[in-house]
Amino acid sequence: GTPPRRWLMNKLIPDGSFRGAVGVLGKHYDYTSYMYRALGASIGRRVFWPGSGVYIADGMFDLLEVGDDVVWGSRSLVYPGDAD
């Protein structure tokens, strides 16, 4: 079955993005990185997040790893997967 964390993320963020977060947090990209880290993602430094959000399929934030100095496009999609 679906791991509990992924099930919960699918319920809390069904479309997989933080599209509305910019309106709450402002355009400070570190805050967006903090949110992804809190959900289990490994996020580097100086990551530019688009205001439209980055779609993370199936709430698999724990499988997301982003390095330093990354610039996302405005329509970025990520489909993480594992061998399990």
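Rules of the game
Residues numbered from 1 in each chain as written. Predicted model: local features only at pLDDT ≥ 70, side-chain atom pairs only at ≥ 80, totals over all residues. Heavy atoms only, no water. Phe/Tyr/Trp six-rings, centres within 6.5 Å; stacked < 30°, edge-to-face > 60°. Helix = DSSP H or I, 4+ residues; strand = E, 2+ residues; numbered from the N terminus. Buried < 20%, exposed > 50% of the residue type's maximum accessible area, 1.4 Å probe, protein only. Core = buried A, V, L, I, M, F, W, Y, C linked by side-chain atoms within 4.5 Å. Contact = heavy atoms within 4.5 Å. Polar contact = N/O pair within 3.5 Å; in protein donor to acceptor, adjacent residues only side chain to side chain.

S.K.: Where do I start with the packing of aromatic side chains in this structure?
M.R.: Each aromatic ring pair is described using two quantities: the centre-to-centre distance and the angle formed by the ring planes. With the rule as written, the count across this model stands at four aromatic pairs. Aromatic side chains Trp49 and Trp72 sit 5.7 Å apart centroid to centroid with 15 degrees between the ring planes, which places their arrangement in the stacked category. Taken together, the positions of Trp49 in the loop between strand 1 (42-43) and strand 2 (55-56) and Trp72 in the loop between strand 3 (65-66) and strand 4 (77-78) put the pair 23 residues apart, joining distant regions of the chain. A relative accessible area of 3% places Trp49 in the buried class. The exposure class of Trp72 is buried, given its relative accessible area of 15%. Linked through ring pairs, Tyr36, Trp49, Phe61 and Trp72 together constitute an aromatic cluster.

S.K.: Honestly, the nonpolar core in this entry has me stumped. Any pointers?
M.R.: Generally speaking, a soluble globular protein has its nonpolar side chains buried in company with each other. Among the nonpolar cores identified, the biggest contains 15 residues, and Tyr36, Ile43 and Leu64 are the most heavily contacted of them. Residues in contact with Ile43, not counting those within four places in the same chain, are Ser33, Tyr36, Arg37, Trp49, Leu64 and Val66.

S.K.: Is there a simple way to think about the environment of Pro50 in this case?
M.R.: Here Pro50 shows up in the loop between strand 1 and strand 2. Sequence-wise, Pro50 and Arg75 are 25 residues apart; in three dimensions their C-alpha atoms are separated by 8.3 Å. Not counting chain neighbours up to four residues away, the residues in contact with Pro50 comprise Trp72, Gly73 and Ser74.

S.K.: How do you make sense of the side chain of Ser76 when you look at a structure like this?
M.R.: Summarising the element assignment, Ser76 is placed in the loop between strand 3 and strand 4. By relative accessible area, which is 13% here, Ser76 ends up buried. Within polar-contact distance, the side chain of Ser76 engages the backbone oxygen of Gly73 at 2.9 Å. Contact partners of Ser76, with chain neighbours within four places excluded, come to Val54 and Tyr55.

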